[in-house]
Amino acid sequence: YPYNFSAWVEAGNMSSVGDYWTPNIEAIVALNPDLIIAAFAQEEVVNRLRGMGYKVLVLDPENINDVLRDILLVGRATDRDVEAAVLVNDLRRRIDSVVSKVAGATRPRVYYEVWYDPIWSAGSESWENELIEMAGGINIFADQKLKYFQASSEAIIERNPDIIILPMGHGAGPPFWGSLDQVKSRPGWNSISAVQNDRIYTIDADIISRPGPRIVDALETLAEIIHPELFES
């Protein structure tokens, strides 16, 4: 993102090094990189590469402040300190703008669906919980001290969210939750305030679930969903 790299791949200027969970060490070594950036989940591969003498920078952000910190860290590692600082300052400005705008507003109850059948939602340790709170809402499952957990339809009905938010773009094919009409027709959901008031929204899964600069795009989108009255032009 935001580039279409298909032409690079066709020209041989980009190589696959395996998937997220099991990167191919031989393919990485063949590229002889000066710097390898990895996720904490790849710890075993990281240790092997470091043992071979490669410089590996591991990123493991837990919240939005960590994302901003990691941007600065990558800037230092790639000799792009100024560019990283400019980006982080702009992201902080946008975050502060949203937080300031929703301050003092009524905080509606929000349900964010991570998966369906079985239902999974976001607890207090998730990106989505932090973003919902910063955008002026209340996560109906903020009392769950987990990142993600298996919820129940009965619990959602009982907590009666004012707003339902569904991610779009998890893999190919139709959304895992089906259609908006199918969501509305789930057993007992016709009693939920969000269904009765037609306050069911979608959001790009890429921007809300990936720890990079677009996390602020997700914050702005959520704020407009939760408080449309504050963002009307």
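That block above? That's the structure.
These lines cover the structure that appears in this document, whether it is placed above or below. (Residues numbered from 1 in each chain as written. Predicted model: local features only at pLDDT ≥ 70, side-chain atom pairs only at ≥ 80, totals over all residues. Heavy atoms only, no water.)

1. Considerations on the pattern of salt bridges
The full count for this structure, using the stated rule, is 11 salt bridges. Taking the shortest distance from any N to any O, the salt bridge between aspartate 90 and arginine 93 comes out at 2.6 Å. Pair noted here: aspartate 90 and arginine 93 are both in helix H5 (residues 81–102), with a separation of three residues, about one helical turn. Classification of aspartate 90 as partly exposed rests on a relative accessible area of 29%. Each of the salt bridges in this network shares a partner with another, and the network as a whole consists of Asp66, Arg69 and Asp70. (Salt bridge = Lys/Arg side-chain N within 4 Å of Asp/Glu carboxyl O. Helix = DSSP H or I, 4+ residues; strand = E, 2+ residues; numbered from the N terminus. Buried < 20%, exposed > 50% of the residue type's maximum accessible area, 1.4 Å probe, protein only.)

2. Let's talk about the packing of aromatic side chains
Each pair of aromatic rings is reported with the distance of its centres and the angle of its planes. In the structure shown here, the tally under the stated rule is six aromatic pairs. Relative to phenylalanine 141, the ring of tyrosine 111 lies with its centre 6.4 Å away and its plane at 80°, an arrangement referred to as edge-to-face. Within this pair, whereas tyrosine 111 is found in strand E3 (residues 109–115), its partner phenylalanine 141 is found in the loop between strand E5 (138–139) and strand E6 (148–150), the two being separated by 30 residues in sequence. On the basis of relative accessible area, tyrosine 111 is assigned to the buried category, the value being 0%. Each ring, one from phenylalanine 141 and one from phenylalanine 149, has its centre 5.1 Å from the other, and the planes form 80°; the classification is edge-to-face. Here phenylalanine 141 matches phenylalanine 149 in class, with each residue buried. Following the ring pairs from residue to residue traces out a cluster consisting of Tyr111, Phe141, Phe149 and Trp189. Over the ring of tyrosine 116 we find arginine 186, and its NZ or CZ is 3.6 Å from the ring centre. Its end group placed over the ring of tryptophan 189, arginine 186 keeps NZ or CZ at 4.6 Å from the ring centre. (Phe/Tyr/Trp six-rings, centres within 6.5 Å; stacked < 30°, edge-to-face > 60°. Lys NZ or Arg CZ within 6 Å of the ring centre and 35° of its normal.)

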